[in-house]
Amino acid sequence: MAFDLDMIKKVYDRYSTRVAAARKATGKHLTLTEKILYAHLSEGDAQKAFGRGVDYVDFAPDRVAMQDATAQMALLQFMQAGRPQVAVPSTVHCDHLIQAKVGADADLATAKDVNSEVYDFLASVSDKYGIGFWKPGAGIIHQVVLENYAFPGGMMIGTDSHTPNAGGLGMIAIGVGGADACDVMAGLPWELKFPKLIGVKLTGKLSGWTSAKDVILKVAGILTVKGGTGAIVEYFGEGARSLSATGKGTICNMGAEIGATTSIFGYDEKSAAYLSGTKRADIAELANAVAEHLTGDVEVYANPEQYFDQVIEINLSELEPHVNGPFTPDLAWPISKFATAVKENGWPTKLEVGLIGSCTNSSYEDITRSASIAKQATDKHLKTKAEFTITPGSELVRYTVERDGYLGTFEDMGGVVLANACGPCIGQWARHTDDPTRKNSIITSFNRNFAKRQDGNPNTHAFVASPEIVTAFAIAGDLTFNPLTDTLTNERGEQVKFDEPEGIEMPLKGYAVQDAGYQAPAEDGSQVNVIVDPKSARLQLLEPFAAWEGTDLTGLKLLIKAKGKCTTDHISMAGPWLKFRGHLDNISNNMLIGAINYFNNTADSVKNDVTGEYGPVPATQRDYKANGIGSIVVGDENYGEGSSREHAAMEPRHLGVRAILVKSFARIHETNLKKQGMLGITFADSNDYDKIQEDDTFDILGLTTFAPGKQLTVVLHHKDGSTEQFQVNHTYNAQQIEWFKAGGALNIIRRQMAS
């Protein structure tokens, strides 16, 4: 569990020479983002200067973190790489598979029993390959990383889209698919398109009901769910320095919802205090010695427009609490306008459930601010109207807030404390409802609120806010209530009003924990056996994907033309499907079942060109595969938005889909497709999307001369015998084209390790 101080010292030793070289190469002052990226260039790229958003660059991350749902597939791939141990410090965190039903203790015991096969696999494969293992109940990956592994100026990749949480401590932390993690664990360079830079200048200081969560809710409203695509967001200014380290983590965490590659804050006094408070004063001491490299140059922040591709300025003193949603995390409403929006849009005003916690908002500060509202409910004789749950982010936080009496405060007002896990945020909970399809409203302090994400009901209107706002709404049970201005009638018939929340950044008596839940790997893993039962329904050893046959792709059938938003939750749902994350064939039965078919406005109903009948998407694709027919998926804007789950790329690859043609891709999903040897292409003219007919057959031409920057041609053969053709774009570089030709990046890794 201990952080590697020698590794951190080596990282800092690189800074002076690398930053100096970068200044010389670029001839300008540097942002914090640029300093960290230049310091982590792989040796082969160390002397290059790059155009933002243009060049693919090789980096050497310092560590890898994996959550249990994605770690299964990542480690199944790593087992094929031929290495005896991971090349960089790596950890696995068991947080996704614990379903919230009753309460923390009972739910954790059930999860250990139900998921024993998966936990045993993850523990043994970690033991064998030198990977740290955080047991179920230890906490959510991002909170545990922030408390134990994140350090200013470092670089980490993680198999979860909210890995950027570590940016709260000044770390470049990027969410990736398992194949990317496999590369880094195998000691290979990690490739990323050199990002554009968005600067967010924060002035003023938060007060009253406004919290760090409201900063990112505001930014999401400005940039939308794809406004940060291809960019890193760097926060700076006096307002940034006033925020707690965990508050900064909240902002960086939810930066995934604007499509940003990652988000980051510079090292400051708050960072040093958090490091010391979590028993890492040694790191703070090292960071203090190189502090000039752990923030952007003074000249950059004085004239940000000259150094960032886009600049946003937010005055924290004027910022209102926000509520975002429903159905998308970028629909931002200041609290003063939210009640009107609820009424005008006809959203259900009765609030059924309020949920706080998750990887985004489960710090000590979050819990204490929320508890200050919960205590008022008891003191002011208010009865909580909505169901209310609390999900601590880690055992360290849970144990400490229980010691300090805050969990008891929530229980007094009717709250239920859940296990230290993702739970309701990813649909892993038992929703108490009299009708699972009824139109209803819930509010959370989580990060995502896509339709069906939390409970599978497309009519659940999910809203996102800070934990204290969520707590107040849960007590009121009414979305038209404004906790800043309105009163409630208590059990005595009196009109009472909430006082402003009060919180404590870090515990006055320090953090405490009896068993953090960490298991160190074996010193010698060569004798450890990793056993996967061939009959298992949950784990399946992988077979290499076939290499490209060397010809253009012709005769492809349309599997589905997806209409509107198609996130990774639409492509590969979570919830009950999480149990199959280690079994590619079984989980492929959820492929695209949430996507809306353009031609009938229905989910999981597509036309089978062989039979002429409509049926489920996975069954239709399996029929095509059985008949040796390739297929294509057509999608809309920002296809693959959301989670980093590479299953959304592996499932179509496994079932025989040959290409994904969309208006635009979300970053992580596009990379995942490339890693698995899939062809991901975009319309050169987005209006060509409208030309796609239900019975079309597709040819994709130009693959025999596939080259970076060179367009391909799509030919549509319509059912009436007519044809149309148009150009499509791609972003494959030379190395990625080799992945396509080889049938996937893992095939190349295996070949390299064997030579």
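K.L.:
I keep staring at unusual backbone geometry and nothing clicks. Help me out?
P.N.:
In terms of backbone geometry, most residues other than glycine have negative phi values and most peptide bonds are trans. Of the consecutive residues Gly325 and Pro326, the connecting peptide bond is found in the cis state with omega at 5°. Relative to the assigned elements, Pro326 resides in the loop between strand 12 (322-324) and strand 13 (332-334). One non-glycine residue, Leu592, adopts positive backbone phi at about 60°. On the secondary structure map, Leu592 appears in the loop between helix 20 (584-587) and strand 23 (596-597). Phi angles above zero are rare outside glycine, and Asp604 is one such case at about 55°. Here Asp604 lies in the loop between strand 24 (602-603) and strand 25 (606-607).

K.L.:
Can you walk me through the environment of Gly635 in this structure?
P.N.:
Take Gly635: it is sitting in strand 27 (residues 631-635). Taking the C-alpha atoms as reference, Gly635 lies 38 Å from Ile131; in sequence the two are 504 residues apart.

K.L.:
Can you walk me through the pattern of salt bridges in this structure?
P.N.:
Note that side chains of opposite charge can pair when their charged atoms are close. One pass over the structure, following the stated rule, counts 32 salt bridges. In this structure, the salt-bridge partner of Glu352 is Arg431, at a minimum N-O distance of 3.0 Å. Here Arg431 lies in the loop between strand 16 (416-417) and strand 17 (440-444) and Glu352 lies in strand 14 (residues 351-357), a separation of 79 residues in the sequence. Arg431 carries the same exposure label as Glu352, and that label is buried.

K.L.:
Explain the sheet that holds strand 4 (residues 132-134) here, please?
P.N.:
Across a sheet, paired strands are connected by hydrogen bonds in the backbone, their directions being either parallel or antiparallel. In spatial order, the strands read 6-5-2-3-4-21; together these six strands make up an open sheet with mixed pairing. Looking along the sheet, the strands with just one partner apiece sit at the ends: strand 6 (172-175) and strand 21 (518-519). Examined bridge by bridge, strand 5 (residues 155-158) and strand 6 share four bridges and lie parallel to one another. Within the sheet, the bridge partner assigned to Ile157 lies in strand 6 and is Ile174.

K.L.:
Even after reading the chapter, I still don't get the state of the cysteines, so can you show me in this structure?
P.N.:
Evaluated as defined, the whole model comprises zero disulfides. Sulfur of Cys182: no disulfide; nearest cysteine sulfur belongs to Cys94 and is 19 Å away. Note on Cys425: no disulfide assigned, nearest cysteine sulfur contributed by Cys359 at a separation of 5.9 Å.

K.L.:
Can you walk me through helix 1 (residues 5-26) in this structure?
P.N.:
Turn by turn, an α-helix covers 3.6 residues, leaving residues three or four places apart pointing in a common direction. With 22 residues, helix 1 extends 31 Å between its outermost C-alpha atoms, agreeing within 8% with the 32 Å of an ideal straight helix rising 1.5 Å per residue. If you look at helix 1, its biggest bend is around 35°, right at Tyr15. Looking at helix 1, one finds that the buried residues are Met7, Ile8, Val11, Tyr12, Tyr15, Arg18, Val19 and Ala22. Packing partners of the buried residues in helix 1 comprise helix 2 (32-39) and helix 12 (281-289). At the N-terminal end of helix 1, a side-chain oxygen is found 3.2 Å from the backbone nitrogen of Asp6, two or three residues along, and the residue is Asp4.

K.L.:
Help me understand the sheet that holds strand 9 (residues 231-236) in this model?
P.N.:
Sheet architecture is open: four strands sit in the order 10-9-8-11, paired in parallel fashion. The open sheet terminates on both sides in strands that have one partner only, identified here as strand 10 (262-265) and strand 11 (310-315). Each strand of the sheet is rotated relative to its neighbour by a mean of 20°, with strand direction disregarded. Where strand 9 and strand 10 come together, four bridges link them in parallel fashion.

K.L.:
I would appreciate a short explanation of the side chain of Asp636 in the present structure.
P.N.:
Within the element layout of this structure, Asp636 appears in the loop between strand 27 and helix 22 (647-655). Take Asp636: its relative accessible area is 15%, and that puts it in the buried class. Reaching out from Asp636, the side chain makes a polar contact with the backbone nitrogen of Gly564 at a distance of 3.2 Å. Other than its neighbours up to four places away in sequence, Asp636 contacts Ala562, Lys563, Gly564, Val662, Lys663, Ser664 and Tyr689.

Calculation rules
- Residues numbered from 1 in each chain as written.
- Predicted model: local features only at pLDDT ≥ 70, side-chain atom pairs only at ≥ 80, totals over all residues.
- Heavy atoms only, no water.
- Helix = DSSP H or I, 4+ residues; strand = E, 2+ residues; numbered from the N terminus.
- Salt bridge = Lys/Arg side-chain N within 4 Å of Asp/Glu carboxyl O.
- Buried < 20%, exposed > 50% of the residue type's maximum accessible area, 1.4 Å probe, protein only.
- Pairing = 2+ DSSP bridges.
- Disulfide = S-S within 2.5 Å.
- Expected span 1.5 Å × (residues − 1).
- Bend = angle between axes of the 7 residues up to and from the residue.
- Contact = heavy atoms within 4.5 Å.
- Polar contact = N/O pair within 3.5 Å; in protein donor to acceptor, adjacent residues only side chain to side chain.
- Axes fitted to C-alpha atoms, helices over the stretch in contact; angles between N-to-C directions.

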